[in-house]
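Given next are the chains, with one letter for each unit.
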Amino acid sequence: MDAMQIVIIVAAIASAGCWVLSLITRDTSWVDRAWSIVPVVYVWIFVAGAFTQGDGSARIVLMGVLATAWGARLTFNFARKGGYSGVEDYRWAILRARMRPWQFQIFNVLFIIGYQMTLLVLITLPAAVAAQHPSGLTAWDVVFALTFLAFLAGETVADQQQWAFHQRKKRAGGTLSPGFATTGLFRFSRHPNFFFEQAQWWAFYAIGATAAVVSGGGVVGGVLNPSIVGAVLLTALFIGSTIFTESITASKYPAYADYRRTTSMLVPLPPRTRATAPQS
């Protein structure tokens, strides 16, 4: 049994587990709890498979280390926000209220579990590409690895700034003008943490593509290879999720409309005009 088959089996078991638990607990956040864990497992399965077949390389080990750093940081941030405490993501509760029970269960199976758990396999496929094309590290690997780490640092800063804001808000009794973070990295992007999260997986893809290029792949099959589908679909997911999240935020905070006009949604850019008043 090769590494890809093992990953598919593990993913199927994880997906079935999330589905059964969502029915038993009426909590659809089980995929969220697995999000930062299962991709790390998949990448290391590809690493182990490569060395078992005698195709191990420093590149694929590097990819395992990068994926682990991503997972550890994201798991920590999710845990400190209470993600493992059994509280369901508020967005799923809102969607459940808008749908009939049978409609929500179809959405649960096809999107919350089916799409997202499949996506968590797809974003790790660049590691499979690296396993198929073993070779020594190049300068491009170093560049893309450092880029990955820069994006990881950016997401760490953004999450810390958001955490600090919500802690201040909690100490203020739940009211803190304008009600959402607008300073630090949030002055340049309404969702800098979302941007950096996606960007890391594009850098991860670039490392896998480097392996394919070094092994003789051209633009098609090398620079552009099938494993790009993971990064593409992740970006699509974040754009859709961001639009939905913002619709909720805008309904709660009137000042969010001005924030939208002045600040980029995802890519950090200079604000178009002066942002909303500084938080007190």
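Scroll up to find the structure this text is about.
Sequence order as written defines residue numbering, which begins from 1 separately in each chain. In keeping with the model being predicted, local features are shown solely for residues with a pLDDT of at least 70 and side-chain atom pairs are shown and tallied solely at 80 or more, while totals for entire chains, interfaces and linings include all residues. Heavy atoms throughout the structure, all of them, feed into the side-chain values; hydrogens and water do not.

Things to note about the nonpolar core
Right, so step 1: Definition used in this section: a nonpolar core is a set of buried Ala, Val, Leu, Ile, Met, Phe, Trp, Tyr and Cys residues joined via side-chain atoms within 4.5 Å. Throughout, exposure labels follow a simple rule: accessible area from a 1.4 Å probe, protein chains only, divided by the maximum for the residue type, with under 20% read as buried, over 50% as exposed, and the rest as partly exposed. Counting residues in hydrophobic clusters, the biggest one holds 52 residues, and the most contacted among them are Trp35, Tyr42, Phe46 and Phe204.
Right, so step 2: Once residues within four sequence positions are removed from consideration, Tyr42 is found in contact with Val7, Val10, Ala11, Ala14, Leu120, Val121 and Thr124.
Right, so step 3: In terms of nonpolar packing, the next biggest core, distinct from the first, is built from 9 residues, Ala158, Ala181, Tyr253 and Tyr256 among them. By definition in these notes, contact holds between two residues if any of their heavy atoms fall within 4.5 Å.

Points about the packing of aromatic side chains
Right, so step 1: Pairing of aromatic rings covers Phe, Tyr and Trp, the last through its six-membered ring, and needs centres within 6.5 Å; plane angles under 30 degrees mean stacked, over 60 mean edge-to-face, and all others mean tilted. On inspection of all chains with the given rule, the structure shows 17 aromatic pairs.
Right, so step 2: Summarising the aromatic geometry, the rings of Phe195 and Phe196 are spaced 5.3 Å apart at their centres and angled 65° between planes, so their arrangement reads as edge-to-face.
Right, so step 3: You can call Phe196 buried: its relative accessible area is 11%.
Right, so step 4: Residues Tyr256 and Tyr259 carry aromatic rings whose centres are separated by 5.5 Å and whose planes lie at 65° to one another, so their mutual orientation is edge-to-face. Of this pair, Tyr256 and Tyr259 are both found in helix H11 (residues 256-262), 3 residues apart, which corresponds to roughly one turn of the helix.
Right, so step 5: Since its relative accessible area comes to 4%, Tyr256 is described here as buried. Numbering of helices and strands starts at the N terminus; helices are DSSP runs of H or I of at least 4 residues and strands are runs of E of at least 2.

What about the environment of Pro268?
Right, so step 1: With respect to the helices and strands, the residue Pro268 is situated in the segment after H11.
Right, so step 2: Judged by its relative accessible area of 31%, Pro268 is partly exposed.
Right, so step 3: Spatially, the C-alpha atom of Pro268 lies 11 Å from that of Gly184, the residues being 84 residues apart in sequence.
Right, so step 4: When neighbours within four sequence positions are excluded, Pro268 is seen to be in contact with Phe188, Ser189, Phe195 and Phe196.

Some words on the pattern of salt bridges
Right, so step 1: Whenever a carboxyl oxygen of Asp or Glu lies within 4 Å of a side-chain nitrogen of Lys or Arg, that contact is scored as a salt bridge. For the coordinates displayed, the defined rule picks out 9 salt bridges.
Right, so step 2: In this structure, Asp141 engages Arg59 in a salt bridge whose closest nitrogen and oxygen atoms are separated by 2.8 Å. Residue Asp141 is located in helix H8 (residues 139-171), and its partner Arg59 is located in helix H4 (residues 58-80); the two are separated by 82 residues in the primary sequence. The same class applies to Asp141 and to Arg59, which are both buried.
Right, so step 3: Close ionic contact of Glu88 with Arg96 constitutes a salt bridge, the shortest N to O distance being 2.8 Å.
Right, so step 4: Residues participating in the shared-partner salt-bridge network are Arg73, Glu155 and Asp159.

Points about helix H10 (residues 228-252)
Right, so step 1: Between its first and last C-alpha atoms H10 spans 37 Å; for 25 residues at 1.5 Å apiece the expected length is 36 Å, and the two agree.
Right, so step 2: Among the residues making up H10, those that are buried are Gly230, Ala231, Leu234, Thr235, Leu237, Phe238, Thr242, Phe244, Thr245, Glu246, Ile248 and Thr249.
Right, so step 3: As for H10, its buried residues are in contact with helix H5 (90-98), helix H6 (101-122), helix H9 (192-214) and H11. For a helix, the expected span equals 1.5 Å multiplied by the residue count minus one.

Geometric descriptors of this kind do not, in isolation, establish any biological role.
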